[in-house]
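Here's the letter readout for the chains.
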Amino acid sequence: MKKLFAVLGDPIGHSMSPVMHNDLFSFYNIDGVYLPFQVKDEDLYDAVKGLKALGVGGFNVTVPHKSKILPFLDGIDELAANIGAVNTVVNENGQLMGYNTDGPGFLKGLNPILPKIAGQKVLIIGAGGAARAIYFTLAKENPDTLDIANRTVEKARELIKDCPYSVSSRAYSFEEASESLGEYDLVVQTTVIGMSPKIDEQPFVLNNLRKQAVFCDIIYNPLETKFLKEAEQKGAIIQNGLDMFVYQGALAFEKWTGIFPDVERMRDNVLKQLGGRTC
Ligand code: ATR
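My aim in this report is to walk through the structure given alongside it, one point at a time. All residue numbers here refer to positions counted from 1 along the written sequence of the relevant chain. This being a predicted model, a pLDDT of at least 70 is required before a residue's local features are given, and a value of 80 or more before pairs of side-chain atoms are given or counted; all residues contribute to the totals for chains, interfaces and linings. Side-chain numbers here rest on the full set of heavy atoms in the structure, without hydrogens or water.

## Quick look at the environment of Phe-106
Okay, step 1: Note on placement: Phe-106 falls in helix α4 (residues 102-110).
Okay, step 2: Sequence separation between Phe-106 and Leu-242 is 136 residues, and the spatial gap between their C-alpha atoms is 9.5 Å.
Okay, step 3: Only heavy atoms matter for contacts: two residues are in contact if any of them lie within 4.5 Å across the pair. If sequence neighbours within four positions are ignored, Phe-106 has contacts with Ile-134, Leu-138, Val-188, Cys-216 and Met-244. Helix numbering and strand numbering both begin at the N terminus, where a helix is a DSSP run of H or I of at least 4 residues and a strand a DSSP run of E of at least 2.

## Here's the deal with the packing of α4 against helix α5 (residues 129-139)
Okay, step 1: Comment: axis = line fitted to C-alpha atoms, over the contacting stretch for helices; angle = value between 0 and 180 degrees taken between N-to-C directions. Packing of α4 against α5 brings their axes to within 7 Å, and their N-to-C directions diverge by 65°. Of the two elements, α4 crosses α5, and the hand of that crossing is right-handed. When α4 is examined against α5, the residues Asp-102, Gly-103, Pro-104, Phe-106 and Leu-107 are found in contact with a partner set consisting of Ala-133, Ile-134, Thr-137 and Leu-138.
Okay, step 2: Along the lines of polarity and charge, the residues of the contact of α4 with α5 split into six nonpolar, two polar and one charged. The hand of a helix crossing depends on one turn: near helix anticlockwise from the far one by less than a right angle means left-handed, and clockwise means right-handed. Under the convention adopted here, Pro, Cys and the residues Ala, Val, Leu, Ile, Met, Phe, Trp and Tyr are nonpolar, Asp, Glu, Lys and Arg are charged, and Gly plus all remaining residues are polar.

## Focus on the site of the ligand
Okay, step 1: By nearness alone, 13 residues border the ligand, and Ala-127, Ala-130, Asn-150, Arg-151 and Thr-152 come closest of all.
Okay, step 2: Here Gly-129 contributes a backbone N or O atom positioned 3.0 Å from an oxygen atom of the ligand.
Okay, step 3: Contact distances for the ligand include 3.1 Å between an oxygen atom and a side-chain N or O atom of Lys-155.
Okay, step 4: Within the complex, 65% of the 640 Å² of free accessible area of the ligand lies under protein.
Okay, step 5: Taken together, the residues of the shell around the ligand sort by class into five nonpolar, six polar and two charged. In these notes, residues near a molecule or strand are those with any non-hydrogen atom within 4 Å of it. A 3.5 Å cut-off defines polar contacts: any pair of N or O atoms within that distance qualifies, except that in protein one atom must be a possible hydrogen donor and the other a possible acceptor, and neighbouring residues in sequence count only when both atoms are side-chain atoms. All accessible-area figures derive from a Shrake-Rupley calculation using a 1.4 Å probe, and residue coverage is judged against the displayed protein chains alone.

## What about the nonpolar core?
Okay, step 1: Think of a nonpolar core as a cluster: buried Ala, Val, Leu, Ile, Met, Phe, Trp, Tyr and Cys residues, connected wherever their side-chain atoms sit within 4.5 Å. Buried residues are those whose accessible area, probed at 1.4 Å on protein chains only, stays under 20% of the maximum for their type, while exposed residues exceed 50% and partly exposed ones sit between those limits. Counting 30 residues, the largest nonpolar core has Phe-106, Leu-110, Ile-134, Tyr-135, Phe-136, Leu-138 and Leu-186 as the members making the most contacts within it.
Okay, step 2: Of all the elements in the fold, those that place two or more residues in this core are α3 (78-83), α4, β7 (121-125), α5, β8 (145-149), α6 (153-162), β10 (186-189) and β11 (214-217).
Okay, step 3: No other element matches the seven residues that α5 contributes to this core.
Okay, step 4: Residue ranges labeled as domains rest on an automatic or database domain assignment. Two domains each put at least three residues into this core: domain 1 (3-100 + 243-274) and domain 2 (104-240).
Okay, step 5: Discounting chain neighbours no more than four positions away, the residues touching Ile-134 are Gly-103, Phe-106, Ile-124, Val-188, Thr-190, Ile-218 and Met-244.
Okay, step 6: If you look at the next biggest cluster of nonpolar residues, it comprises 22 residues, including Met-16, Leu-24, Phe-25 and Ala-250.

This is how it looks when you write it as structure tokens:
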């Protein structure tokens, strides 16, 4: 019988996950279908209960439900519980188990250009949900430092305080981070600044960055944000958010099917979908 997979969010119309996962189901001859569902906050519990009753194989959870879903699941793995957000749910013998593949997806996507986080000096820009997933995942990899710069510095301090993994961290304003940018081996931009349609914005001007440092932006629309363009011009190695998106999906697919899928195929698929967009 055909297995149901899904993504729950609000809005959900722009999600590229359905096309990406349905292509994988057909490529690997798996009898599954992946559907987007727009679910309002107040309907989330009923939606999860309904999917469980229908014997869903698994589903993704996106904005704004990644944290709200936690109490509705039967179990949550350690990393997702610490992050306080779930993006992937797996039906394990009738029990809905929550995982977070956003942080691990970022790490896996980064691996080809920066294989080892241990001993590296890292700066994360932003202190929202995405920053949290990346911060907690990188904290487990033994970096030399893992600093956070945020518009609201207090939020960066709170994130650092919440982390159960021991790591040397400081919270900075954008101005302070801009001044000490030359210290870092890896800088990860996690805010919405520079995302289409506001493509002329960036968190701060990139003075004194270290040549050959790695600069990542988790935005993939546009594929090169102003932040990444400037970093590249000044000698950094850059990576956009496409890899994180593709690898979070690949890790979810692996949890559902046991198959780690062809990420090149997934990347091409997403690029094709992005090409068809007007913004
Ligand atoms: P996500 O889940 O995508 O990470 P979020 O949890 O809403 O989204 O977090 C948004 C992040 O982008 C925060 O770091 C936020 O900064 P504040 O903590 O100061 O709110 C940052 N952000 C959003 N819009 C911003 C803007 N115009 N200027 C600076 N930072 C911004």
